[in-house]
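# Structural features, examined
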Amino acid sequence: MSIPVVIRLVFWCWFAAAVLAGQQHVLQRLPPFATQGILIGLTALLLLGYFRLAALRDWVNRLDFRSLVLVHVSRFVGIYFLLLYARGELPYAFAVPGGVGDSIVALGALLIVFLPLGYERRQRLIYIWNVVGFIDIMLIVGTAIRFNLTDSSQLRALTRLPLSLLPTFLVPLIIATHIVIFTRIARARAAITNTRQ
C-alpha cells in the first residue's frame, strides 16, 4: 500500500472517529478542559508525525502550498458561529471575533488559491495570510480556554455535532497546517540564502 493511500486512510478513519464521538456525545460527558486536551494532543500527534516520520513529511512537502491553504476554506464555519450567536447559543466574545476572523481567513485562502498570481507574489501573500490565520486560530483557542475556566456552559454548542468536529478534527488540522507552512517557507528561504552564498 502506497504512502498517500495510507495517509488518506488514516485521515478518513480519524474523521469517522470524530463523527462517531460527536454522535455519541463524548465531549458532553467529559470535563471542560478535556476538550482542550484532546485538541492539543491531536495537534501534537499531527506535528510529531510530520517532523518525525520521513515518509509523511516528504509526502506533505511535495504538496503544492495551495493544497495546504485550501484546507482553511473550512474556516467559513465562522459564519455558523455568527448564526449561533444571533440565536443566543454562543457568546459574543467567542462567536463574533472568531466568526469574523475565520471568515476573513477562509476568504483569503480562496483568493490565494484561485487568483492568477506569480510565484513570488503568491509566496509573500501565503506568508502574510499564514501569520494572520495562525494568530486568529490561537486567539479562538485561547478564548475557548478562558470560557472553560469561567463558564463552560456558554460553549456547549462546541460539544455536539457539527461543531464537536472542531476540537476533535478540524482545529488540530488547521493549527498543524499553519506550522507546516511556516516550516516549509523557512526552509525554502534558507535554501535560497544558501544558494546565494
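Everything that follows concerns the structure shown earlier in this document.
This report concerns the structure included in the present document.

Rules used throughout
- Each chain carries its own residue numbering, running from 1 in the direction its sequence is written.
- Given that the model is predicted, a residue must reach a pLDDT of at least 70 before its local features are reported, and side-chain atom pairs must reach 80 or more before they are shown or counted; all residues, however, enter totals for whole chains, interfaces and linings.
- Heavy atoms from the whole structure form the basis of all side-chain values; hydrogens and water molecules are not counted.
- Working definition: helices are DSSP H or I runs of at least four residues, strands are E runs of at least two. Numbering for both runs from the N terminus.
- Axis definition: a line fitted to C-alpha atoms, over the contacting stretch in the case of helices. Angles run 0 to 180 degrees between N-to-C directions.
- Note on terminology: angles under 35 degrees are roughly parallel, angles over 145 are roughly antiparallel, angles of 65 to 115 are roughly perpendicular, and the others are oblique.
- Put simply, a crossing is left-handed when the front helix is turned counterclockwise from the back one by less than a right angle, and right-handed when it is turned clockwise.
- Two residues form a contact once any of their heavy atoms are found within 4.5 Å.
- Only Asp, Glu, Lys and Arg are considered charged, only Ala, Val, Leu, Ile, Met, Phe, Trp, Tyr, Cys and Pro nonpolar, and every remaining residue, Gly among them, polar.
- For our purposes a nonpolar core is just a set of buried Ala, Val, Leu, Ile, Met, Phe, Trp, Tyr and Cys residues, chained together by side-chain atoms within 4.5 Å.
- Only protein chains enter the accessibility calculation, which uses a 1.4 Å probe; a residue is then buried when its area is under 20% of its type maximum, exposed when over 50%, and partly exposed in between.

With that settled, the discussion passes to unusual backbone geometry. In terms of backbone geometry, most residues other than glycine have negative phi values and most peptide bonds are trans. Between Leu161 and the following residue, Pro162, the backbone shows a cis peptide bond with an omega angle of 5 degrees. Tracing the backbone through its elements, the reader meets Pro162 in the loop between helix H8 (119-150) and helix H9 (165-196).

Between helix H3 (residues 32-52) and H8, the least distance of the axes is 9 Å, while the angle of their chain directions is 155 degrees. Judged on the interaxial angle alone, H8 and H3 are roughly antiparallel. Viewed along their axes, H3 and H8 form a crossing whose handedness is left-handed. Residue-level contacts link Pro32, Phe33, Gln36 and Leu39 of H3 to Val141, Ala144, Ile145, Asn148 and Leu149 of H8. Across the contact of H3 with H8, the residue classes tally to seven nonpolar, two polar and no charged.

This part is about the nonpolar core. Soluble globular proteins: nonpolar side chains tend toward being buried together. If you look at the biggest cluster of nonpolar residues, it comprises 21 residues, and the most contacted ones within it are Phe81, Leu90, Phe94, Leu155, Leu163, Leu166 and Val171. Listing elements by their share of this core, those giving two or more residues are helix H6 (77-86), helix H7 (92-114), H8 and H9. Not counting residues within four places of it along the chain, the set of residues in contact with Leu155 comprises Leu90, Pro91, Phe94, Ala144 and Phe147. Counting 17 residues, the second-largest nonpolar core is a separate cluster that includes Phe65, Ile112, Val180 and Ile185.

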